[in-house]
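Each chain, written out:
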Amino acid sequence: MFFTKPSIGAEEIKRVKEVLASGQIAHGPIVRKFEEEFAKKIGVKHAVAVNSGTAALHCALYALGVKAGDEVITTPFTFAATVNAILMQGARPVFVDIDERTFNLDPRKLRGKLNKKTKAILPVDLFGLPYDPEINRIAKRSGVKVVEDAAQAHGAKLGSYYAGTLGDIGTFSFYATKNITTGEGGMIVTNNAKYAESARRFRHHGQRADRRYAYEDLGFNYRMTDMAAALGVEQLKKMSTFTRKRLENAHYLSSKLKGIDGLVTPIEPRGSRHAFHQYTLRVTPEFKLMRDKLMKRLGENGIPTAVFYPEPLHLQKYLKHLGYKKGDFPIAERMSKEVLSLPIHPLLTRKELDLIVKNITRI
Ligand SMILES: *Cc1c(COP(=O)(O)O)cnc(C)c1O
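Residues numbered from 1 in each chain as written. Predicted model: local features only at pLDDT ≥ 70, side-chain atom pairs only at ≥ 80, totals over all residues. Heavy atoms only, no water.

### Description of the pattern of salt bridges
Working step 1: Within this structure, the stated rule accounts for 28 salt bridges.
Working step 2: Among the ionic pairs, R208 bridges to E216, the shortest N-O distance being 3.9 Å.
Working step 3: The exposure class assigned to R208 is partly exposed, which follows from its relative accessible area of 29%.
Working step 4: Residue E216 is classed as partly exposed on the basis of its relative accessible area of 48%. (Salt bridge = Lys/Arg side-chain N within 4 Å of Asp/Glu carboxyl O. Buried < 20%, exposed > 50% of the residue type's maximum accessible area, 1.4 Å probe, protein only.)

### A short note on the site of the ligand
Working step 1: Taken together, 16 residues are adjacent to the ligand, and G53, T54, D149, S173 and K178 come closest.
Working step 2: In this structure, a nitrogen atom belonging to the ligand sits 2.8 Å away from a side-chain N or O atom of D149.
Working step 3: Counting atoms within 2 Å of the grid points, the majority share of the ligand lands in the largest pocket.
Working step 4: Classifying every residue of the shell around the ligand by side-chain character gives six nonpolar, eight polar and two charged. (Near = heavy atom within 4 Å. Polar contact = N/O pair within 3.5 Å; in protein donor to acceptor, adjacent residues only side chain to side chain. 1 Å grid on protein atoms, 1.4 Å probe; cavity = no way out; pocket = protein on both sides within 12 Å on 5 of 7 lines; lining within 4 Å. Sits in = over half its atoms within 2 Å of the grid points. Nonpolar A, V, L, I, M, F, W, Y, C, P; charged D, E, K, R; others polar.)

### Section: the sheet that holds strand β6 (residues 157-158)
Working step 1: With antiparallel pairing, three strands are arranged side by side in an open sheet as β7-β6-β13. Edge positions in the sheet fall to β7 (161-162) and β13 (272-273), since each has one partner strand and no second.
Working step 2: Two elements, β6 and β13, share two bridges in a ladder whose sense is antiparallel. Looking across to β13, one finds that K157 is bridged to R273. (Pairing = 2+ DSSP bridges. Helix = DSSP H or I, 4+ residues; strand = E, 2+ residues; numbered from the N terminus.)

### So, the pairing of strand β14 (residues 279-283)
Working step 1: The buried fraction of β14 amounts to five of the five residues, a majority that puts the element mostly inside the structure.
Working step 2: Burial along β14 is two-sided: the residues Y279, L281 and V283 and T280 and R282 are all buried.
Working step 3: Two elements, strand β12 (residues 263-264) and β14, share two bridges in a ladder whose sense is antiparallel. In the sheet register, V264 faces β14, and the bridge partner there is R282.
Working step 4: With four bridges joining them, β14 and strand β15 (residues 339-342) adopt antiparallel strand pairing. In the sheet register, Y279 faces β15, and the bridge partner there is L342.

### Re empty space enclosed by the protein
Working step 1: Counting across every chain of the model gives two cavities of 30 Å³ or more.
Working step 2: Around the largest cavity, the lining comprises 14 residues; the ones closest to its centre are K5, P6, S7, K178 and N179.
Working step 3: The space that makes up the second largest cavity amounts to roughly 60 Å³.
Working step 4: Surrounding the second largest cavity, R101, T102, F103, L126, F127, L129, P266, I267, H274, Q278 and T280 form its lining.
Working step 5: Of the residues belonging to the lining of the second largest cavity, the class tally is six nonpolar, four polar and one charged. (Points joined across faces, edges and corners; volume = space filled by probe spheres on them.)

### Focus on the packing of helix α2 (residues 29-42) against helix α7 (residues 226-257)
Working step 1: The contact between α2 and α7 brings their axes to 8 Å, and the two run at 25°. Taken together, α2 and α7 sit at an angle that is classed as roughly parallel. Between α2 and α7 lies a crossing whose hand is left-handed. Where α2 abuts α7, its residues P29, I30, V31, K33, F34, E37, F38, K41 and I42 lie against D226, A229, A230, G232, V233, L236, M239 and S240.
Working step 2: Counted by class, the contact of α2 with α7 contains eleven nonpolar, two polar and four charged residues. (Axes fitted to C-alpha atoms, helices over the stretch in contact; angles between N-to-C directions. Parallel < 35°, antiparallel > 145°, perpendicular 65-115°, else oblique. Left-handed = near helix turned anticlockwise from the far one by under 90°. Contact = heavy atoms within 4.5 Å.)

### Things to note about the environment of H314
Working step 1: Summarising the element assignment, H314 is placed in the loop between α8 (291-300) and α9 (330-338).
Working step 2: Judged by relative accessible area, H314 falls into the buried class, the value being 3%.
Working step 3: C-alpha separation for the pair H314 and E234, spaced 80 residues apart in sequence, amounts to 38 Å.
Working step 4: Beyond its immediate chain neighbours, meaning those up to four positions away, H314 contacts P76, F95, Y324, K325, D328, F329 and E333.
Working step 5: Within the local environment of H314, its side chain forms a polar contact with the side chain of E333, the two groups lying 2.7 Å apart.

### Focus: the sheet that holds strand β9 (residues 186-190)
Remark on secondary structure: sheet strands pair via backbone hydrogen bonds, oriented parallel or antiparallel.
Working step 1: Taking strand neighbours across the sheet as the criterion, the seven strands line up as β1-β9-β8-β5-β4-β2-β3 in an open arrangement whose pairing is mixed. Two strands lie at the open edges of the sheet, namely β1 (46-50) and β3 (92-95), each paired on one side alone. Across the sheet, the mean angle separating the axes of adjacent strands is 25° when strand polarity is ignored.
Working step 2: By the bridge criterion, five bridges tie β1 to β9 in an arrangement that is antiparallel. Each bridged residue has a counterpart across the sheet, and for A49 the counterpart in β9 is M187.
Working step 3: Contacting β1, β5 (145-149), β8 (169-173) and β9, helix α6 (residues 193-202) runs over the sheet at an angle of about 15° to β1.

### Quick notes on helix α3 (residues 53-63)
Working step 1: Judged by how many residues are buried, α3 sits mostly within the fold: ten of eleven residues are covered.
Working step 2: Its side-chain oxygen at 3.3 Å from the backbone nitrogen of T54, S52 defines the N-terminal cap of α3.

### Looking at the environment of H154
Working step 1: By the secondary structure assignment, H154 is in the loop between β5 and β6.
Working step 2: Apart from residues no more than four positions distant in its own chain, H154 is found in contact with F172, S173, F174, K178, N179, I180, M239, T243 and A275.
Working step 3: There is a polar contact of 2.6 Å between the side chain of H154 and the backbone oxygen of S173.

Take a look at the structure:
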């Protein structure tokens, strides 16, 4: 059994071959096509393709004008790229603890965290669950922007809105393990033409769109290849099917694992559609085994599992200069000890799901 596996079909292979034979393999027409189709699918005016989710976050913060001296509020319970993009712009990440029901940034804990330096709030749709929209109301009231890290939330929704479109700018990753993939890749989405133009320039060495070698500002090379975009075009067509399959798998697991003492199955708040990038249980002290013991036992029986994330970011050594210490974000710290993600990808068979269930219920 694979913990996760990309679903790549004959369609993807055919389209990548076409690009390879076409003579235009980077920054070309298929990248443009992928951008247009992605924007249309999730209902947003502009999409800018880049070569990673990290690059997408960096472009988004650049486009908002985040710079040295600014503060950006985010969650300590995420992948490092979320925070690293803030640091790349020379700004200061300010952490706010999470809600243990959703694993997402808790808007109730934003009180007292916003000040004159705050430029943006960067919530993450962790494991595929859209962030709490109360954050938008607080941001609006305070005049700060919202960047949505939707790297794990392709196909998720809040009401009728797709994840990625919930803030002022949204970012996606198409890394190999994400819900749809281009191997490596990312996308910035926004309804704001200026932000989109700014992100386009930043990904392409700061060059003006209408004149090469006219550099308007600092930039990087964050361009996507047309091979990657070709994968993306075909993966996008399958996004809804993948999401449906992940939801089915999640509901099946929850129906079988609900009610086991000490295990907390993931919730789907009313009005949200979870994209189940990860199916994450909480293994609380009431459970028969400690989380790491359970993980080991499952592994011995051929069930791969993973911990996202074993240590919250505020306790990472490389971020020591931010001045945080143990105890600052008790929920994130406790969750890092309790979370366990089970296989959930669309290629899992019913037999494999049953094997997962059987091994847990047996314990
Ligand atoms: C994967 C991921 C990223 C980074 O994306 P890459 O494509 O790996 O650069 C950023 N944020 C979150 C929450 C992610 O899961």
